[in-house]
Amino acid sequence: ERHAGPTRRAAVRRGRNTIRNSHWEKPADILQSCIHSFALDKWLTQPAYVEVMVEKQALEGVLEPVCRELDIPFTANKGYSSSSALYACGKRFERKHKDGKTCHIIYLGDHDPSGIDMTRDVLDRINLFAGCDQADDGGNLYENVAVERVALNMSQIKTLRPPKNPAKLTDSRATGYISKFGPSSWELDAIEPSALAKLVRDAVYSLRDAELWEDAMKHEEAMKNELREMAKKSKFK
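Keep in mind the model is a prediction, meaning the values are calculated, not measured. (Residues numbered from 1 in each chain as written. Predicted model: local features only at pLDDT ≥ 70, side-chain atom pairs only at ≥ 80, totals over all residues. Heavy atoms only, no water.)

**Section: the nonpolar core**
Cut-off, in case you're wondering: For the purposes of this section, nonpolar cores are sets of buried Ala, Val, Leu, Ile, Met, Phe, Trp, Tyr and Cys residues that join through side-chain atoms within 4.5 Å. Only protein chains enter the accessibility calculation, which uses a 1.4 Å probe. A residue is then buried if its area is under 20% of the maximum for its type, exposed if over 50%, and partly exposed in between. Put simply, DSSP H or I for four residues or longer makes a helix, DSSP E for two residues or longer makes a strand, and each gets a number counted from the N terminus. In what follows, a contact means two residues having at least one pair of non-hydrogen atoms within 4.5 Å.
Residues Ile72, Leu108, Leu188, Leu196, Val200 and Val204 are the most contacted members of the largest nonpolar core, which totals 28 residues. Put simply, the parts of the chain that give this core at least two residues each are β1 (48-54), α2 (60-70), β3 (102-108), β6 (145-151) and α7 (193-207). Those residues within four positions of Leu188 in sequence are excluded, and the remaining contacts are Val54, Leu59, Leu108, Gly109, Asp110, Ala151, Leu152 and Leu196.

**Comments concerning the sheet that holds β1**
The pairing of strands in a sheet comes from backbone hydrogen bonds and takes either a parallel or an antiparallel form. What counts, and what does not: Strands qualify as paired when DSSP identifies two bridges or more between them. Helix axes are fitted only over the stretch in contact, all axes being lines through C-alpha atoms; the angle between N-to-C directions runs from 0 to 180 degrees.
The sheet built from 4 strands is open, its strands ordered β2-β1-β3-β6 with parallel pairing. Where the open sheet ends on each side, the last strands, each with one partner, are β2 (74-76) and β6. Neighbour to neighbour, the strand axes of the sheet diverge by 20° on average, direction disregarded. Both β1 and β3 contribute to a ladder of 7 bridges, which runs parallel. Residue Val54 lies in a different strand from β3, and its bridge partner there is Leu108. Packed onto the sheet, helix α4 (residues 113-129) meets β1, β3 and β6 and runs at close to 160° relative to β6. Against the sheet, α7 makes contact with β1, β3 and β6, and its axis sits at roughly 170° relative to β3, the strand it touches most.

**A short note on the side chain of Lys224**
Note that Lys224 resides in helix α8 (residues 210-233). Ignoring anything within four residues of it in the chain, the contact list for Lys224 reads Ile35, His36 and Phe38.

**Remarks on the state of the cysteines**
Selection rule: Criterion for a disulfide: a pair of cysteine sulfur atoms at a distance within 2.5 Å.
Using the criterion set out here, one finds 0 disulfides in the structure. Distance from the sulfur of Cys89, which forms no disulfide, to the nearest cysteine sulfur (Cys103) is 9.7 Å. Relative accessible area serves as the criterion here: at 1%, Cys89 is assigned to the buried category.

**Here's the deal with a negative patch on the surface**
This is how the line gets drawn: Like-charged residues within 9 Å of one another, or nonpolar side chains (Val, Leu, Ile, Met, Phe, Trp, Tyr) within 5 Å, are grouped into patches, provided each residue has over 30% relative accessible area and no salt bridge. Surface accessibility follows the Shrake-Rupley procedure with a 1.4 Å probe radius. Residue values consider only the protein chains on display as shielding. Any carboxyl oxygen of Asp or Glu that lies within 4 Å of a side-chain nitrogen of Lys or Arg is treated as forming a salt bridge with it. Neither His nor the chain termini are counted; the positive set is Lys and Arg, and the negative set is Asp and Glu. Where a charge lies is defined by one atom per residue type: Lys uses NZ, Arg uses CZ, Asp uses CG and Glu uses CD.
Where like charges cluster on the molecular surface, the negative patch consists of Asp209, Glu211, Glu214 and Asp215. Among the residues examined, Glu214 registers a relative accessible area of 40% and is labelled partly exposed.

**What to know about the pairing of β1**
We apply this condition: Orient the strands so they point away from the viewer, and a crossover whose first-strand-to-second-strand path over the helix runs clockwise is right-handed.
For β1, the tally of buried residues reaches 7 of 7 residues, placing the bulk of the element in the interior. Residues Ala48, Val50, Val52 and Val54 of β1 are buried on one face, and the alternating residues Tyr49, Glu51 and Met53, pointing to the opposite face, are buried as well. Inspection of the sheet shows β1 paired to β2 by 3 bridges, in the parallel sense. Paired with Val54 across the two strands is Ala76, which belongs to β2. Running through α2, the crossover from β1 to the neighbouring parallel element β2 is right-handed.

**Points about the pairing of β3**
Looking down a regular strand, the side chains alternate between one sheet face and the other. Summarising burial for β3: 6 of the 7 residues are buried, a large majority. Where β3 meets β6, 6 bridges bridge the pair, whose relative direction is parallel. If you follow Ile105 over to β6, its bridge partner there is Val147.

**Here we look at the packing of aromatic side chains**
Operational definition: Planes of paired rings set the category: under 30 degrees apart is stacked, over 60 is edge-to-face and the rest tilted, where pairs are Phe, Tyr or Trp rings (Trp by its six-membered ring) whose centres lie within 6.5 Å.
Per the counting criterion, the structure on display carries 4 aromatic pairs. Measuring from centroid to centroid gives 5.5 Å for Tyr87 and Phe129, while their planes differ by 75°, and the two rings are edge-to-face. Here Tyr87, found in helix α3 (residues 83-98), pairs with Phe129, found in helix α4; they are 42 residues apart in sequence, far enough to count as distant. Arranged with centres 5.0 Å apart and planes meeting at 45°, the rings of Tyr177 and Phe181 form a pair that is tilted. Placement of both Tyr177 and Phe181 in helix α6 (residues 174-181) is noted, with a separation of 4 residues, approximately one turn of the helix. Exposure remark for Phe181: the relative accessible area of 26% places this residue in the partly exposed category.

And the structure:
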């Protein structure tokens, strides 16, 4: 099958995709595809560096498109994140911290004994791997990578009233959790996908300089116009 124009990335649905090669009818078509795909890293001029992380891989299909739209890295875990994944993430933050950026993880997880503890675990290990778990002059440790848990929090549970589950008593963290929150737990999946997407967008917008972003968008469009002019003048028709 032949087609002209850019290839669009399909949503990830493992086991359901049809895989095929891309084709073009003429050389000029690939130039148009390049123009469509061209994008600047608009976060380079931002004072903040942001990534999104979710506890449950099942929500990858909900949050990955949002993060692509916002042009930020996205990680979907299966419970506690692996050391290799957090190490790679920590090294990215280390480089950005050395560039003078404030570093942030927007985190989403279940409200249960392990789900609450995962936020602490990500904070501790990311700062360790990023080389940011340093001591100030008074010997107190401080972190340079901030982890903001935007869901699932008790205030959202009280407002949205998702279905309850009993807290897992077999979880080693259950005693501390129950003493603080009671015997019930709640799953992140119970929140509407559109509400989760909005939480991520709002958190990112609060960290993004709108004026710098708009300037970067204009610069990107100007460079795309240069490519369009090159395509017009090309001998490949």
